[in-house]
Amino acid sequence: MRTFLLSIAFLNSVFSISQSQPIKIVDEKSNNRLALYAVNDTETDYDVLLSVKGTNFR
């Protein structure tokens, strides 16, 4: 019973921390460059990790 209550408390804390609005990814193209920006419209700070896959770039 105790582990059940602890698991419910853990899941409740995880879902209460999650963000309610998504972060937008904006791309700007200029000449031979591509710039990616993560735009956050909320007052809360988030860490963002971008993974980019592609070919023929360096």
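Here, every reference points to the structure presented above.
In what follows, the accompanying structure is described.

Calculation criteria
Residues numbered from 1 in each chain as written. Predicted model: local features only at pLDDT ≥ 70, side-chain atom pairs only at ≥ 80, totals over all residues. Heavy atoms only, no water. Helix = DSSP H or I, 4+ residues; strand = E, 2+ residues; numbered from the N terminus. Buried < 20%, exposed > 50% of the residue type's maximum accessible area, 1.4 Å probe, protein only. Areas by Shrake-Rupley, 256 points an atom, 1.4 Å probe, with all protein chains shown as cover. Pairing = 2+ DSSP bridges. Salt bridge = Lys/Arg side-chain N within 4 Å of Asp/Glu carboxyl O. Patch = residues over 30% accessible without salt bridge, like charges linked within 9 Å, V, L, I, M, F, W, Y side chains within 5 Å.

Attention shifts here to the overall build of the protein. In terms of regular secondary structure, the protein is built from one helix and two strands. Going through the 58 residues of the protein one by one, you find that 0% of them count as buried. Total accessible area on the protein stands at roughly 6100 Å², and carbon and sulfur atoms take up 54% of it.

The pairing of strand S1 (residues 24-30) with strand S2 (residues 33-39) spans seven bridges and is antiparallel. Among the inter-strand pairings, Asp27 is bridged to a residue of S2, identified as Leu36. In this antiparallel pair of consecutive strands, S1 and S2, the connection spans two residues, and Asn31 shows a positive phi of 50 degrees.

Time to look at the environment of Asn32. Take Asn32: it is sitting in the loop between S1 and S2. Taking the relative accessible area as the measure of exposure, Asn32 reaches 80% and is therefore exposed. As a C-alpha pair, Asn32 and Phe57 span 25 residues in sequence and 9.9 Å in three-dimensional space.

Once that is clear, we can look at the pattern of salt bridges. Between side chains of opposite charge, a pair can form when the charged atoms approach closely. Under the criterion given, the structure shown has one salt bridge. The salt bridge involving Lys24 is made with Asp41; its shortest N-O contact spans 3.0 Å. On the criterion of sequence distance, the pair formed by Lys24 in strand S1 and Asp41 in the segment after S2 is long-range, its members being 17 residues apart. The exposure class assigned to Lys24 is partly exposed, which follows from its relative accessible area of 47%.

Together, Ile25, Leu34, Leu36, Val48, Leu50 and Val52 make up a nonpolar patch on the protein surface, roughly 500 Å² of accessible area in all. Examined against the element boundaries, Leu50 turns out to sit in the segment after S2. On the basis of relative accessible area, Leu50 is assigned to the partly exposed category, the value being 40%.

Working note: non-glycine residues mostly have negative phi, and peptide bonds are mostly trans. Unlike most non-glycine residues, Asn31 shows phi in positive territory, near 50 degrees. For Asn31, the location among the structural elements is in the loop between S1 and S2.

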